[in-house]
Amino acid sequence: MSSKSAPPPLPAPLGVPVTDSHTHLDMQEGTVEEALARAAAVGVTAVVQVGCDIKGSRWAAEMAAAHDSVHAAVALHPNEAPRIVHGDPDGWSRQGAREAGGDSALDDALTEIDRLAALPQVRAVGETGLDSFRTGPEGMAAQERSFRAHIEIAKRHGKALVIHDREAHADVLRILAEEGAPERTVFHCYSGDAEMAEVCAAAGYFMSFAGNVTFKNAQPLRDALAVAPAELVLVETDAPFLTPAPYRGRPNAPYLIPVTLRAMAAVKGLDEDTLAAAISANTARAFDY
């Protein structure tokens, strides 16, 4: 195995344990048990396993039922909704090529998310939101309809809302304002600037930072983290994606949280234990566990 594809080494353990607020164990190498054990060895004692489609959301709920250290989030990813409605002839998603199902197929999928959201081990509805990077104008209506439905599901079940916002900041904030955000709303892989962080803070939205906060070109993200109130900050991997520097391009996993958290502590001018304690309390509050 070349060093480029080899898993990064285990970082030094955290002094104060934290939770990885957003991971995709179903897309990572090895078993769930191995991933959880490696994470626990460095002080990452729990994870939020996030679903992106029906199959992944069911799997997240099953894993959370089987493991005390796993909390589930269930949803149709913003890019999944247009694929359900308009089909996916190129088979870009994990399901392979799909026929167009129309609005009724989206309704059926949302009904299943609603059913899963009622389960006690499911702590959040997400990741949902808007993505104008991967979905063209023809898919935006389905994406927006799905997002509004997820907000309603989260509120009705009293669950957190986990937001995927890619190149859609203004529209995401507008729809949250129009629908009324759930009591606990998390911007996963926060990607806005400092000005948006102040808007989110004023609304009481949690901002979860991923490994990309360590990237050289990510100064606007670090500026946002600097102004984000410590009581609204979370940490995540989004593994297997967004591996923090200096391991960028290699597979990410929950055990690499300490690398990102240490970089975040430096940006905020806090010692690592202080930030970890805040993040630990914030994550428990955000996901109500």
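Up top you'll find the structure we're talking about.
Residues numbered from 1 in each chain as written. Predicted model: local features only at pLDDT ≥ 70, side-chain atom pairs only at ≥ 80, totals over all residues. Heavy atoms only, no water.

A. Layout of the overall build of the protein chain. Looking only at helices and strands, the protein chain features 10 helices and 8 strands. A globule of 289 residues ought to have a C-alpha radius of gyration of about 19 Å, and the protein chain, at 18 Å, matches this closely. Viewed in the frame of its principal axes, the protein chain has a C-alpha envelope of about 50 × 45 × 35 Å. Out of the 289 residues belonging to the protein chain, those deemed buried represent 54%. Of all intrachain contacts in the protein chain linking residues separated by at least 6 positions in sequence, the fraction that spans at least 24 positions is 71%. Side chains of the protein chain carry 25 positive and 39 negative charges; the gap between the two charge centres is 3 Å. (Helix = DSSP H or I, 4+ residues; strand = E, 2+ residues; numbered from the N terminus. Rg over C-alpha atoms; globule rule 2.2 N^0.38 Å. Buried < 20%, exposed > 50% of the residue type's maximum accessible area, 1.4 Å probe, protein only. Contact = heavy atoms within 4.5 Å. Lys, Arg positive; Asp, Glu negative; His and termini not counted. Charge placed at Lys NZ, Arg CZ, Asp CG, Glu CD.)

B. Broad picture of the pattern of salt bridges. Under the criterion given, the structure shown has 16 salt bridges. For the salt bridge of Glu 144 with Arg 148, the shortest nitrogen-to-oxygen distance reads 2.9 Å. In this pair, Glu 144 and Arg 148 both sit in helix α5 (residues 140-157), 4 residues apart, roughly one turn of the helix. On the accessibility criterion, Glu 144 (25% relative accessible area) is partly exposed. A salt bridge links Glu 178 to Arg 148; the shortest N-O distance between them is 2.7 Å. (Salt bridge = Lys/Arg side-chain N within 4 Å of Asp/Glu carboxyl O.)

C. A look at the side chain of Ser 208. Secondary-structure assignment places Ser 208 in strand β7 (residues 206-209). Its relative accessible area of 0% is what places Ser 208 among the buried residues. At 2.8 Å, the side chain of Ser 208 and the side chain of Ser 21 are in polar contact. When residues no more than four places from it in sequence are discounted, the contact partners of Ser 208 are Ser 21, Val 186, Phe 187, His 188, Cys 189, Tyr 190, Leu 234, Val 235 and Glu 236. (Polar contact = N/O pair within 3.5 Å; in protein donor to acceptor, adjacent residues only side chain to side chain.)

D. Focus on the pairing of β7. Burial along β7 is two-sided: the face carrying Phe 206 and Ser 208 and the face carrying Met 207 and Phe 209 are both buried. Bridge count between strand β6 (residues 185-187) and β7: 2 bridges; the pairing is parallel. Residue Val 186 lies in a different strand from β7, and its bridge partner there is Phe 206. Crossover connection from β6 via helix α7 (residues 194-203) to parallel β7: handedness right-handed. Bridge count between β7 and strand β8 (residues 233-235): 3 bridges; the pairing is parallel. Paired with Met 207 across the bridge in β8 is Val 233. (Pairing = 2+ DSSP bridges. Right-handed = clockwise from strand over helix to strand, strands pointing away.)

E. Just the nonpolar core, in detail. Formed by 73 residues in total, the largest nonpolar core has its most connected members in Phe 147, Leu 176, Phe 187, Tyr 190, Phe 209 and Met 264. Excluding residues that lie within four positions of it along the chain, Tyr 190 makes contacts with Met 196, Ala 197, Cys 200, Met 207, Ser 208, Phe 209, Leu 221 and Ala 224. In terms of nonpolar packing, the next biggest core, distinct from the first, is built from 12 residues, Val 48, Ala 73, Ala 160 and Ala 286 among them. (Core = buried A, V, L, I, M, F, W, Y, C linked by side-chain atoms within 4.5 Å.)

F. View of the packing of aromatic side chains. By the definition in use, this model includes 2 aromatic pairs. Seen from their ring centres, Phe 187 and Tyr 205 are 5.7 Å apart, and the 35 degrees between their planes marks the pair as tilted. Placement of Phe 187 in strand β6 and of Tyr 205 in the loop between α7 and β7 is noted, with a sequence separation of 18 residues between them. The exposure class of Phe 187 is buried, given its relative accessible area of 1%. Each ring, one from Tyr 190 and one from Phe 209, has its centre 5.4 Å from the other, and the planes form 45 degrees; the classification is tilted. Placement of Tyr 190 in the loop between β6 and α7 and of Phe 209 in strand β7 is noted, with a sequence separation of 19 residues between them. Each member of the pair, Tyr 190 as well as Phe 209, carries the same accessibility label: buried. The ring of Phe 133 has Arg 166 lying over it, and the distance from NZ or CZ to the ring centre is 3.6 Å. (Phe/Tyr/Trp six-rings, centres within 6.5 Å; stacked < 30°, edge-to-face > 60°. Lys NZ or Arg CZ within 6 Å of the ring centre and 35° of its normal.)

G. Expanded view of the sheet that holds strand β2 (residues 44-50). Taken together, 8 strands build an open sheet; the order of strands is β1-β2-β3-β4-β5-β6-β7-β8 and the sheet is parallel. Each end of this open sheet is capped by a strand with a single partner; those strands are β1 (18-23) and β8. Mean inter-strand twist for the sheet, computed between neighbouring axes without regard to direction, equals 30 degrees. Here α7 sits on the sheet and contacts β5 (160-166), β6 and β7; the angle it forms with β7, its principal contact strand, is near 135 degrees. (Axes fitted to C-alpha atoms, helices over the stretch in contact; angles between N-to-C directions.)

H. Looking closely at helix α2 (residues 54-66). Across its 13 residues, α2 extends 19 Å between first and last C-alpha, which sits within 8% of the 18 Å expected from 1.5 Å per residue. Residues of α2 that are buried include every one of Ile 54, Gly 56, Ser 57, Ala 60, Ala 61, Met 63 and Ala 64, and no others. Of the surrounding elements, those touching the buried residues of α2 are α1 (32-41), β2, β3 (70-74), α4 (102-117) and β4 (122-131). Between the side-chain oxygen at the start of α2 and the backbone nitrogen of Lys 55 there is a gap of 3.4 Å, and the oxygen is on Asp 53. (Expected span 1.5 Å × (residues − 1).)

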